[in-house]
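Listed below are the residues making up each chain.
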Amino acid sequence: RRQAHICCSSVATAEQVRTGLKRNENIGKLQAGYLFPEIARRRRAHQDKHPDAKVISLGIGDTTEPIPKLIADAMQKAAAGLGTLAGYSGYGAEQGRGELREGICNAFYSSCGRKPHEIFVSDGSKCDIGRLQMMFGCEQRVAVQDPSYPVYVDSSVIMGMTGNYNASTTSFDNIEYMVCQPDNDFFPDLSKVAPTDLIFFCSPNNPTGAAATRQQLTELVAFAKKNGSIIVYDAAYALYISDDNCPKSIFEIPGAEECAIETCSFSKYAGFTGVRLGWTVVPEQLRYADGSPVIADFNRIMTTVFNGASIVAQAGGLACVQPEGLAEMQQLVHFYKENADILRQTFLDMGFKVYGGKNAPYVWVGFPGKPSWDVFADILEKCNIVTTPGSGFGPAGEGFVRASAFGHRKDILEAVERFKKAYGKQR
Ligand code: PLP
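As the structure is a prediction and not an experimental result, all values here were calculated from the model.

1. Here we look at the packing of helix H12 (residues 372–383) against helix H13 (residues 409–423)
1) Next: Between H12 and H13, the shortest axis-to-axis distance is 10 Å and the interhelical angle comes to 105 degrees. The orientation of H12 relative to H13 falls into the category roughly perpendicular. Between H12 and H13, the residues in contact are Asp378, Ile379, Lys382 and Cys383 and Arg418, Phe419, Ala422 and Tyr423, respectively.
2) Next: Each residue belonging to the contact of H12 with H13 can be placed in one class, and the counts come to 5 nonpolar, no polar and 3 charged.

Listed below in structure tokens is the structure:
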């Protein structure tokens, strides 16, 4: 996100020295910029215009609260150890420390048959999505939820899996967009979805906050198996689920081990957005069309372009999966869920159409008929609050904005007062 501060003037002038390299034309297909740098740019412009404004950000989904003590202490100890002869170590296993793989497996997958060697510890889910794309190669056709976390589409574009951006549909050609809106309970009508090789599916979803039910995920698994697809299931917010009817892992669905990979992260569980630690689960039963195991190829990718997660981060991860660490993470998640509840209730009280916020740290607010960027601009102008325009997550996000529940409580409370003042009486 900080890349937004780097001025990338892409216009070549006569004086510029050029190399002989042809630019990857797929990168050229991407739109003006990743959503969040554009938001940051608009925020800076607003702040320049109103230097005294105290801007509150409910925009970028970054965590704000300190890392729980037991977990932070474990990292401190590991970092101090590295400064001693006895505690020093260098490269570790590319797949992660054995006890951490086991700890993650016990903490999150004990009831669904996954095994420690299927868990690849990494520097985060976003990076794993990129590495999965590298593994699958550019020949695959992908489906994404619409709206969805922009990384699935953008990494597919960069890989060359898609056609060009189509300005009239505000979407890329040759991607299957699975529309998820209030009228289908934010779950795609699979009878209308064309078969693809890969299906990116995120539950609870960023940005809508919708968590898929057991019944819906059972349908999704059946759909993938029927078409021979692989689901890349993003469970980055699974710990935010409180509805018993919504699985926390795709592997709770029988048969998913034959058609799904799951990626997850400590980022939103333990405030590790800056520490960087996540994992991806590749079941040993998952096979390519030629019968070869996907896990072997992912192992090859990880050992080739990754050198193992940081020792310090892994020490923190190990603390996360101990009973006390799990309790600390639950507490942190609970805090953000309370924020989500405050935001959700405020918008509901003001008469807005509000979704999400119950099983996720995101509240998805409808402004039917209004362009999301206009709503974003109006909220920024009237409230000095940064939100995220729904259209940045895909064409079906148009007419919505996302409010993130990651914030200090005083900021959330201040934000809701500003919302009420600006919009409360209009409805
Ligand atoms: N997946 C989803 C759905 C996300 O919203 C995010 C971060 O916002 C990530 C993955 C990235 O996670 P990580 O910090 O582990 O790279």
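2. Re the confidence of the model for the protein
1) Next: Confidence in the prediction for the protein averages 95 pLDDT; 95% of positions are at 70 or higher.
2) Next: Every residue in residues 1–9 is under pLDDT 50, and counting partners more than four places away or in other chains gives 7 contacts.
3) Next: Overall fold confidence (pTM) sits at 0.95, and the ipTM for the predicted complex is 0.99.

3. A look at the sheet that holds strand S11 (residues 353–356)
1) Next: One open sheet accounts for 4 strands, arranged S11-S12-S15-S14; its pairing is antiparallel. Taken across any chain shown, the strands that pair with only one partner, and hence form the sheet edges, are S11 and strand S14 (388–389).
2) Next: The strands that helix H11 (residues 323–349) touches are S11, strand S12 (362–366) and strand S15 (400–404); relative to S12, the one it contacts most, it runs at about 15 degrees.

4. Digging into the environment of Thr19
1) Next: Turning to its location among the elements, Thr19 is positioned in the segment before helix H1 (25–29).
2) Next: Given a relative accessible area of 64%, Thr19 falls into the exposed group.

5. Things to note about the pairing of strand S6 (residues 175–179)
1) Next: Where burial is concerned, most of S6 is hidden: 4 out of the 5 residues are buried.
2) Next: Pairing analysis gives 5 bridges linking strand S3 (residues 142–146) to S6, with the strands arranged parallel. Bridging from a neighbouring strand, Val144 pairs with Tyr177 of S6.

6. Considerations on H11
1) Next: The terminal C-alpha atoms of H11, which comprises 27 residues, lie 38 Å apart, in line with the 39 Å expected from a rise of 1.5 Å per residue.
2) Next: Among the residues trailing H11, Gly351 stands out with phi positive, at a value near 90 degrees.

7. Here we look at the packing of aromatic side chains
1) Next: Under the counting rule described, the total for this entry stands at 28 aromatic pairs.
2) Next: Ring geometry for Trp364 against Phe393: centres 6.3 Å apart, planes inclined by 75 degrees, an arrangement best described as edge-to-face. Remark: Phe393 occurs in the loop between S14 and S15 and Trp364 occurs in strand S12; sequence separation between them is 29 residues.
3) Next: Judged by relative accessible area, Trp364 falls into the buried class, the value being 0%.
4) Next: Residue class for Phe393 comes out buried when judged on its relative accessible area of 4%.
5) Next: One aromatic cluster in this structure is built from Phe108, Tyr109, Phe251, Phe266, Tyr269, Phe272 and Trp279.
6) Next: Across the ring face of Phe306, the terminal group of Arg131 is positioned such that the distance to the ring centre comes to 4.3 Å.

8. Some thoughts on the sheet that holds S6
Either a parallel or an antiparallel arrangement is found when strands of a sheet pair, and the pairing is made through backbone hydrogen bonds.
1) Next: What the 7 strands build is an open sheet, ordered S2-S10-S9-S8-S7-S3-S6; its pairing is mixed. Bordering the open sheet on either side are strand S2 (119–122) and S6, each of which pairs with just one other strand. Taking each pair of neighbouring strands and ignoring which way they run, the sheet shows an average axis angle of 20 degrees.
2) Next: Its contacts with the sheet place helix H4 (residues 98–109) against S2, strand S9 (260–265) and strand S10 (278–281), and it is angled at close to 110 degrees to S2.

Reading the values: rules and limits
In this numbering scheme, every chain counts its residues from 1 along its sequence in written order. The model is predicted, so local features are restricted to residues of pLDDT at least 70 and side-chain atom pairs to those at 80 or more, both for listing and for counting; the totals for chains, interfaces and linings are taken over all residues. As a convention, hydrogens and water are excluded, and side-chain values are obtained from all of the structure's heavy atoms. Axis definition: a line fitted to C-alpha atoms, limited for helices to the stretch in contact. Angles are taken between N-to-C directions and run from 0 to 180 degrees. Numbered from the N terminus, helices here are DSSP runs of H or I no shorter than four residues, and strands are runs of E no shorter than two. Each angle is binned into one of four classes, with values under 35 degrees roughly parallel, values over 145 roughly antiparallel, values of 65 to 115 roughly perpendicular, and all other values oblique. In this description, contact between two residues means that some pair of their heavy atoms is separated by no more than 4.5 Å. Following the grouping adopted for this structure description, the nonpolar residues are Ala, Val, Leu, Ile, Met, Phe, Trp, Tyr, Cys and Pro, the charged ones are Asp, Glu, Lys and Arg, and the polar ones are all others, Gly among them. The predictor attaches a confidence to each residue, called pLDDT, with possible values from 0 through 100. Each pair of strands is called paired provided DSSP finds at least two bridges between the two strands. Between buried and exposed lies partly exposed: a residue is buried under 20% and exposed over 50% of the maximum accessible area for its type, with that area taken using a 1.4 Å probe on protein chains only. By this rule the span expected of a helix is its residue count minus one, scaled by 1.5 Å. Each Phe, Tyr or Trp ring, with Trp reduced to its six-membered ring, pairs with another whose centre is within 6.5 Å; inter-plane angles below 30 degrees give stacked pairs, above 60 give edge-to-face pairs, and intermediate values give tilted ones. Whether a charge sits over a ring depends on NZ of Lys or CZ of Arg being within 6 Å of the ring centre and within 35 degrees of the ring normal.

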